[in-house]
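Read off the chains here:
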Amino acid sequence: MQFHQTSVLFRDAFGTPEMREIFGDVGYLERFLEVEAALARAQADVGIVPESAATEITERASLEYLDMERVAANVEEIGLFTMSIIDAWKDSFGDAGEYIHWGATSQDISDTAVVLQLRDAYERYRSDLLEIRATLRDLASEHRDTPMIGRTHFVHALPTTFGLKAAVWLEEVERHIDRLDAAAERAFVVEFFGATGTLASLERGGEEVQENLAAELDLVVPDTPWFAARDRFAEFLSVLAQIGSGLSKIAHQILLLNRPEFGEVSESIPEGEVGSSTMPHKRNPVRSEFTGALAKLLRANATAMLEATETYDERDFTTWYVEFAVIPDSGLYFGRVLENCKTVLTDLDVHPDGMRENLAHHGSLVASEAIMMALASKIGRQTAHDVVHENAMRAIQSDRDLLACLRDDERVTDAMTDEELEAAADPTNYVGLSAEFVDRTLRE
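Here's a quick rundown of the structure. (Residues numbered from 1 in each chain as written. Predicted model: local features only at pLDDT ≥ 70, side-chain atom pairs only at ≥ 80, totals over all residues. Heavy atoms only, no water.)

Looking at the overall build of the protein chain
Inference 1: When helices and strands are counted, the protein chain shows 19 helices and 4 strands.
Inference 2: Along the longest, intermediate and shortest principal axes, the C-alpha atoms of the protein chain span 100 × 50 × 35 Å.
Inference 3: Counting across all 444 residues of the protein chain, residues that qualify as buried make up 48%.
Inference 4: Long-range contacts, defined here as pairs at least 24 residues apart, represent 74% of the contacts in the protein chain between residues at least 6 apart.
Inference 5: Per element, the accessible surface of the protein chain, about 21300 Å² overall, is 49% carbon and sulfur.
Inference 6: Measuring between centres, the 40 positive side-chain charges of the protein chain sit 6 Å from its 80 negative side-chain charges. (Helix = DSSP H or I, 4+ residues; strand = E, 2+ residues; numbered from the N terminus. Buried < 20%, exposed > 50% of the residue type's maximum accessible area, 1.4 Å probe, protein only. Contact = heavy atoms within 4.5 Å. Areas by Shrake-Rupley, 256 points an atom, 1.4 Å probe, with all protein chains shown as cover. Lys, Arg positive; Asp, Glu negative; His and termini not counted. Charge placed at Lys NZ, Arg CZ, Asp CG, Glu CD.)

As for the environment of Lys-378
Inference 1: Looking at the secondary structure, you find Lys-378 in helix α14 (residues 368-379).
Inference 2: For Lys-378, a relative accessible area of 44% corresponds to the partly exposed category.
Inference 3: Counting along the chain gives 327 residues from Lys-378 to Glu-51, while the straight-line C-alpha distance between them is 90 Å.
Inference 4: The contacts of Lys-378, once residues within four sequence positions are left out, are Ala-415, Met-416 and Glu-420.

Quick notes on the packing of aromatic side chains
The geometry of an aromatic ring pair is captured by the separation of the ring centres together with the interplanar angle, meaning the angle of the planes.
Inference 1: According to the stated counting rule, one finds 17 aromatic pairs in the structure shown.
Inference 2: Ring geometry for Phe-10 against Phe-14: centres 6.2 Å apart, planes inclined by 65°, an arrangement best described as edge-to-face.
Inference 3: The interplanar angle of 90° and the centroid separation of 6.4 Å between the aromatic rings of Tyr-28 and Phe-324 together place this pair among those described as edge-to-face. Pair noted here: Tyr-28 is in helix α3 (residues 25-44) and Phe-324 is in helix α12 (residues 317-346), with a separation of 296 residues, a long-range link. Phe-324 shares its class with Tyr-28; the two are buried.
Inference 4: In this arrangement the basic side chain of Arg-60 is found over the ring face of Phe-93, its NZ or CZ atom lying 5.8 Å from the centre.
Inference 5: The ring of Phe-227 has Arg-315 lying over it, and the distance from NZ or CZ to the ring centre is 5.4 Å. (Phe/Tyr/Trp six-rings, centres within 6.5 Å; stacked < 30°, edge-to-face > 60°. Lys NZ or Arg CZ within 6 Å of the ring centre and 35° of its normal.)

Focus on helix α5 (residues 68-78)
Inference 1: One side-chain oxygen at the N-terminal end of α5 lies 3.0 Å from the backbone nitrogen of Glu-69; it belongs to Asp-67.
Inference 2: Where α5 ends, the next residue or the one after it, Gly-79, has phi of about 85°, a positive value. (Polar contact = N/O pair within 3.5 Å; in protein donor to acceptor, adjacent residues only side chain to side chain.)

With respect to the environment of Phe-81
Inference 1: Residue position: Phe-81 is located in helix α6 (residues 81-90).
Inference 2: A sequence separation of 117 residues divides Phe-81 from Thr-198, and the C-alpha atoms of the two residues are 23 Å apart.
Inference 3: Apart from residues lying up to four places away in sequence, Phe-81 is in contact with Tyr-28, Val-75, Ser-110, Phe-317, Trp-320 and Phe-324.

Looking at the pairing of strand β2 (residues 155-161)
Inference 1: Strand direction decides the pairing type here: strand β1 (residues 147-152) and β2, joined by 5 bridges, are antiparallel. The partner of Thr-152 across the bridge, within β2, is Val-155.
Inference 2: Linkage of β1 to β2, two consecutive antiparallel strands, is achieved through a turn of 2 residues, within which His-153 is found at a positive phi near 55°. (Pairing = 2+ DSSP bridges.)

Examining the pattern of salt bridges
Inference 1: Scanning the entire structure with this criterion turns up 26 salt bridges.
Inference 2: With a shortest N-O distance of 3.0 Å, Asp-145 and Arg-144 are connected by a salt bridge.
Inference 3: For Asp-145, a relative accessible area of 52% corresponds to the exposed category.
Inference 4: With a shortest N-O distance of 2.6 Å, Glu-235 and Arg-186 are connected by a salt bridge. Of this pair, Glu-235 sits in helix α10 (residues 231-258) while Arg-186 sits in helix α8 (residues 162-187), placing them 49 residues apart in sequence.
Inference 5: On the basis of relative accessibility, which here comes to 44%, the residue Arg-186 falls in the partly exposed class.
Inference 6: Connected through salt bridges with shared partners, the residues Glu-18, Arg-124, Asp-128, Glu-131, Glu-339 and Lys-342 form a single ionic network. (Salt bridge = Lys/Arg side-chain N within 4 Å of Asp/Glu carboxyl O.)

Points about the nonpolar core
When a protein is soluble and globular, its nonpolar side chains tend to lie buried together.
Inference 1: Ranked by size, the top nonpolar core spans 104 residues in total, and within it Tyr-125, Phe-162, Leu-180, Phe-188, Phe-236 and Leu-247 carry the most contacts.
Inference 2: If you tally residues by element for this core, the top one is helix α7 (residues 106-142), at 14 residues.
Inference 3: Those residues in contact with Leu-180 that sit more than four places away from it in its chain are Tyr-122, Tyr-125, Arg-126, Leu-129, Phe-236, Val-239, Leu-240 and Ile-243.
Inference 4: Grouped together as the second largest cluster of nonpolar side chains are 20 residues, Met-372, Ala-384, Val-388 and Cys-405 included. (Core = buried A, V, L, I, M, F, W, Y, C linked by side-chain atoms within 4.5 Å.)

Some details on a negative patch on the surface
Inference 1: Residues Asp-45, Glu-51, Glu-207, Glu-208 and Glu-211 make up a contiguous surface patch of negative charge.
Inference 2: Sorting elements by how many residues they give to the negative patch places helix α9 (residues 206-217) first, with 3 residues.
Inference 3: Looking at where Glu-51 falls in the secondary structure, it is placed in helix α4 (residues 51-59). (Patch = residues over 30% accessible without salt bridge, like charges linked within 9 Å, V, L, I, M, F, W, Y side chains within 5 Å.)

Remarks on the side chain of Glu-264
Inference 1: Its location among the elements puts Glu-264 in the loop between α10 and β3 (265-266).
Inference 2: Here Asn-358 takes part through its side chain, which lies 2.7 Å from a polar atom of the side chain of Glu-264.

Focus on unusual backbone geometry
Inference 1: In this structure, His-153 is a non-glycine residue whose phi angle is positive, near 55°.
Inference 2: In this structure, His-153 sits in the loop between β1 and β2.

Take a look at the structure:
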């Protein structure tokens with residue numbers, strides 16, 4: 001758990017208050033005690049632990065009964081953080097304390113506590129993605145017919161619409177929601193298998209305890225122990241990295257269109273926010289910028305988590321240890337990515353006039369394909385291509401508009417009326433099936 005969980009300077013750049021509650025020490029410890037209490041109840045149901053002990057353990061499954069200074073001292077002395085928690089917690093019990101952690105190994109409780117953290121975070125993540133989806137639906141619908149220049153290879157290409165651009169973002173977010181749901185379904189399982197995964201510590205009722213524990217926590221019982229199979233967490237973090245990268249793509253496209261020389265969209269900047277320590281006029285699109293930075297960190301953590309899937313034997317602390325750094329941090333980073341994107345997209349200023357101005361930047365040159373296709377129906381496709389290409393080169397070299405050059409070419413004027421030529425040269429008439437693709441995306 002890194003400095004930005006508590007840093008006054010950086011905590012809100014790298015996370016959100018809600019995610020800090022989930023992934024901070026307090027969030028982890030609360031869920032750790034919750035799992036221990038659920039285990040006691042699950043075992044009491046089959047007669048392994050006295051009902052009175054399970055009741056007392058449940059009643060005391062609160063940080064109110066955990067001396068954090070004692071936990072810190074235990075960690076310094078014995079190193080094992082799970083036993084440090086349990087030993088400090090037991091001090092608040094009488095005889096019931098002897099039934100805490102019955103038949104469990106440390107990783108049973110810890111893994112399940114982390115699953116509960118991820119599940120609570122997932123609920124918020126999914127809600128945020130649904131908000132982003134709704135905002136993108138609105139953008140796609142509102143700007144269904146808003147023409148803009150399309151760009152390929154970083155230069156002007158053919159016309160498109162801002163609605164179609166938003167629809168592309170929207171459909172990707174739809175897929176991201178599906179990915180998150182699928183990863184969650186596989187990740188949200190209980191861990192209770194004992195030291196080497198055989199549950200030999202319980203002479204009877206082991207499977208029933210597993211089922212009871214899973215029911216208590218609303219989790220699923222996996223068929224086999226997963227101490228040495230970390231693919232569930234690896235998949236979950238990889239999905240967070242993939243979604244974060246997809247949202248970062250949106251942020252980067254907004255950053256480009258936000259440039260003053262483009263002027264097609266603007267990231268809304270709150271009044272009073274200082275953009276530069278030396279340039280008073282600056283109002284920087286920092287939310288989109290931070291999103292790009294956080295996506296890089298998410299990808300790095302996903303890579304580290306993939307490294308941690310190469311475990312040895314039945315349990316391996318050299319890889320398990322990695323998770324206590326990358327899972328909480330990824331949880332924080334992703335929460336901030338979603339918060340940034342929600343704010344940017346909800347408050348995004350779209351400038352149709354700027355889009356039209358850029359669309360007209362090269363005059364009718366950007367309609368060269370449209371003109372060629374219209375002319376092709378009169379004189380043939382290849383011939384039309386050659387004619388339009390010659391005139392396009394002439395327009396570029398002479399700094400004239402393509403339409404003017406075409407009007408001087410008898411091969412064109414003999415085949416097309418001036419009205420037909422002018423209509424073909426209007427780039428706003430050449431957005432193809434943009435509107436239909438937007439409608440199709442919105443229907444689905």
